[in-house]
Amino acid sequence: APFDGVEKGGRKTSTSLESLFFYGSFTHPDIARINRYAPAGTNRFQHNLLKGLLREGIGRIVSISIMPALAYPKGDLILVRGRESELEKGLRVINIPFVNIHILKQLTIFLGILVRTLKEARKMRPDALLSYNVRPFCAGAAALYSRLSGVPHVVMVADFENRRDV
């Protein structure tokens, strides 16, 4: 996939991406269908974006995402369990677990994303990070990793109607 190389510290970076960490609310399509808080159109958009990036030549994408859930007590879950699956060749989906109570929710998501990013980076150093419509505590963990590691971080914002039938 074409990538305009950037000069960094007197050396040029790679001109193509081989691996990418993606941050968003993407979850396995089978799970998204039964999760009443996961807008189907938004999940489909993220899935199509990731499939398109794979088609363009990015060999490996790790999606480190959160499962959409209304915070307790408005929602019925106190703990949102993590899930992991290889959705298709080159695309691994990791939904991190978190405590679903207001302030603890943001803190456990931030820490969960940061810890999982560090763990995954030990297996495969990404060429870039892409955050899609994520809250500051989600993108903040990716931005912190980017700052510490020097891996470029792109934040993408798109607005879709919050409907399941899109």
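Residues numbered from 1 in each chain as written. Predicted model: local features only at pLDDT ≥ 70, side-chain atom pairs only at ≥ 80, totals over all residues. Heavy atoms only, no water.

All right, on to the overall build of the protein chain then. Secondary structure assignment for the protein chain yields 4 helices and 10 strands. Secondary structure elements of the protein chain, listed N to C terminal, follow the sequence β-β-β-α-α-β-β-β-β-β-α-β-α-β. In the protein chain, which comprises 166 residues, the proportion classed as buried is 45%. Considering only residue pairs separated by 6 or more positions, the protein chain has 70% of its internal contacts joining residues 24 or more positions apart. In the form shown here, the protein chain has an accessible surface area of approximately 9,400 Å², with 57% of it arising from carbon and sulfur atoms. (Helix = DSSP H or I, 4+ residues; strand = E, 2+ residues; numbered from the N terminus. Buried < 20%, exposed > 50% of the residue type's maximum accessible area, 1.4 Å probe, protein only. Contact = heavy atoms within 4.5 Å. Areas by Shrake-Rupley, 256 points an atom, 1.4 Å probe, with all protein chains shown as cover.)

This part is about unusual backbone geometry. Peptide bonds are trans in most cases, and residues, glycine excluded, mostly fall at negative phi. Of note, the amide linkage connecting Y72 to P73 takes the cis form, showing an omega dihedral of 15°. Here P73 is to be found in the loop between β4 (60–65) and β5 (79–80).

Generally speaking, a soluble globular protein has its nonpolar side chains buried in company with each other. Formed by 24 residues in total, the largest nonpolar core has its most connected members in F21, I109 and I113. Beyond its immediate chain neighbours, meaning those up to four positions away, I113 contacts Y23, I64, I66, I96, C138 and A141. (Core = buried A, V, L, I, M, F, W, Y, C linked by side-chain atoms within 4.5 Å.)

The next thing to look at is the packing of aromatic side chains. Applying the stated criterion to the full structure yields 1 aromatic pair. Both rings, one in F45 and one in Y132, keep their centres 5.5 Å apart while their planes meet at 35°; by these two values the pair is tilted. Residue F45 is located in helix α2 (residues 40–55), and its partner Y132 is located in strand β9 (residues 128–132); the two are separated by 87 residues in the primary sequence. (Phe/Tyr/Trp six-rings, centres within 6.5 Å; stacked < 30°, edge-to-face > 60°.)

So, on to a nonpolar patch on the surface. A surface patch of nonpolar side chains, about 600 Å² in accessible area, is lined by Y72, I78, L79, I101, L104, L107 and L111. Counting residues per element, the nonpolar patch draws most heavily on helix α3 (residues 102–123), which supplies 3 residues. In this fold, L104 is placed in helix α3. Relative accessible area serves as the criterion here: at 43%, L104 is assigned to the partly exposed category. (Patch = residues over 30% accessible without salt bridge, like charges linked within 9 Å, V, L, I, M, F, W, Y side chains within 5 Å. Salt bridge = Lys/Arg side-chain N within 4 Å of Asp/Glu carboxyl O.)

All right, on to the environment of S25 then. Inspection of the secondary structure puts S25 in the loop between β3 (19–24) and α1 (29–34). Exposure remark for S25: the relative accessible area of 22% places this residue in the partly exposed category. Not counting the four nearest positions on each side in its chain, S25 is found in contact with T42, N43, Q46, S65, I66 and P68.

Before going further, it helps to examine the sheet that holds strand β7 (residues 91–95). With mixed pairing, 6 strands are arranged side by side in an open sheet as β6-β7-β4-β3-β9-β10. Edge positions in the sheet fall to β6 (83–88) and β10 (153–156), since each has one partner strand and no second. Neighbour to neighbour, the strand axes of the sheet diverge by 20° on average, direction disregarded. The sheet contact formed by β3 and β4 spans 6 bridges and is parallel. When the bridges of β4 are listed, G24 appears paired with S65. (Pairing = 2+ DSSP bridges. Axes fitted to C-alpha atoms, helices over the stretch in contact; angles between N-to-C directions.)

Axis separation between α3 and helix α4 (residues 136–149) bottoms out at 8 Å; the angle between their running directions is 35°. Both α3 and α4 take part in a crossing whose hand is right-handed. Of α4, the residues touching α3 (which contributes Q106, I109, F110, I113, L114, T117, L118 and A121) are F137, C138, G140, A141, L144 and Y145. For the contact of α3 with α4, the class distribution of residues is 11 nonpolar, 3 polar and no charged. (Left-handed = near helix turned anticlockwise from the far one by under 90°. Nonpolar A, V, L, I, M, F, W, Y, C, P; charged D, E, K, R; others polar.)

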